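# Structural features, examined
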Amino acid sequence: HPAAVIEPISGPQAKNFNALQLAFIGDAVYNLMMRMSALQEGTGLKKMHLRTTGKVNAVAQAKALRMLEGILDDTEAEIVRRGRNAHPRHQAPRSATSAQYSASTGFEALIGYHYLTGNKNRLKELFIYLHEHAGEE
């Protein structure tokens, strides 16, 4: 059904997806949000691409999750835990440790969960928090 692509679903429905499915969506959403952020800066395409790829990778996403961990509620922490414990059928990229890759999967699952449930306000809060606390680690 075409509406299923854009209509939010309930939290329990979203939790029915496995963590890797949530991360699959979260990866795309986070990538798009970082691209939109780069686009708003109005720089050239190469610079926008480099800025985006610098934030949409396992190492950067693991760092982002560490920054967010103190502000997550119990439901969010559970989604992240499921993502961390998920076992993809492929190896972590050479640029990241397996712990970083697991953390980035947890981060992506969290983003996917909020996107699927239509919780744009919470997504916005998380992105603003990350932007405001960038470089603090």
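Before reading further, recall that the structure is shown in the block above.
This structure is a prediction, so every number in the text was calculated from the model and none was measured.

### Details of the pattern of salt bridges
The tally for this structure, following the rule as stated, stands at five salt bridges. Its salt-bridge partner being arginine 81, residue glutamate 78 comes within 2.7 Å of it at the nearest N-O pair. Here glutamate 78 pairs with arginine 81, and both are found in helix H5 (residues 74–85), just three residues apart, close to one helical turn. Assessed through its relative accessible area of 41%, arginine 81 is described here as partly exposed. Here arginine 122 makes a salt bridge to glutamate 125, at a shortest N to O gap of 2.9 Å. In this pair, arginine 122 and glutamate 125 both sit in helix H7 (residues 120–132), three residues apart, roughly one turn of the helix. Members of the salt-bridge network, linked through shared partners, are Glu76, Arg122 and Glu125.

### Some words on the nonpolar core
One finds Tyr30, Leu72, Phe107 and Ile111 to be the most contacted residues of the largest nonpolar core, which totals 19 residues. Taken together, the elements giving at least two residues each to this core come down to helix H2 (19–41), helix H4 (58–68), helix H6 (98–116) and H7. Ranked by residue count, the leading element in this core is H4, at five residues. Discounting residues that sit within four places of it in the chain, leucine 72 has contacts with Leu65, Ala77, Val80, Leu110, Arg122 and Leu126.

### Here we look at H5
Helix length check: H5, at twelve residues, gives a terminal C-alpha distance of 16 Å against a target of 16 Å (1.5 Å per residue), a fit within 8%. Within H5, the full set of buried residues consists of Glu76, Ile79, Val80 and Gly83. For H5, the arc enclosing every buried residue in end-on projection is 95 degrees, short of the 170-degree limit, so these residues lie on one face. Buried-residue contacts for H5 involve helix H1 (11–15), H2, H4, H6 and H7. Its side-chain oxygen at 3.1 Å from the backbone nitrogen of threonine 75, aspartate 73 defines the N-terminal cap of H5.

Calculation notes
Residues numbered from 1 in each chain as written. Predicted model: local features only at pLDDT ≥ 70, side-chain atom pairs only at ≥ 80, totals over all residues. Heavy atoms only, no water. Salt bridge = Lys/Arg side-chain N within 4 Å of Asp/Glu carboxyl O. Helix = DSSP H or I, 4+ residues; strand = E, 2+ residues; numbered from the N terminus. Buried < 20%, exposed > 50% of the residue type's maximum accessible area, 1.4 Å probe, protein only. Core = buried A, V, L, I, M, F, W, Y, C linked by side-chain atoms within 4.5 Å. Contact = heavy atoms within 4.5 Å. Expected span 1.5 Å × (residues − 1). Arc of directions from axis to C-beta. Polar contact = N/O pair within 3.5 Å; in protein donor to acceptor, adjacent residues only side chain to side chain.

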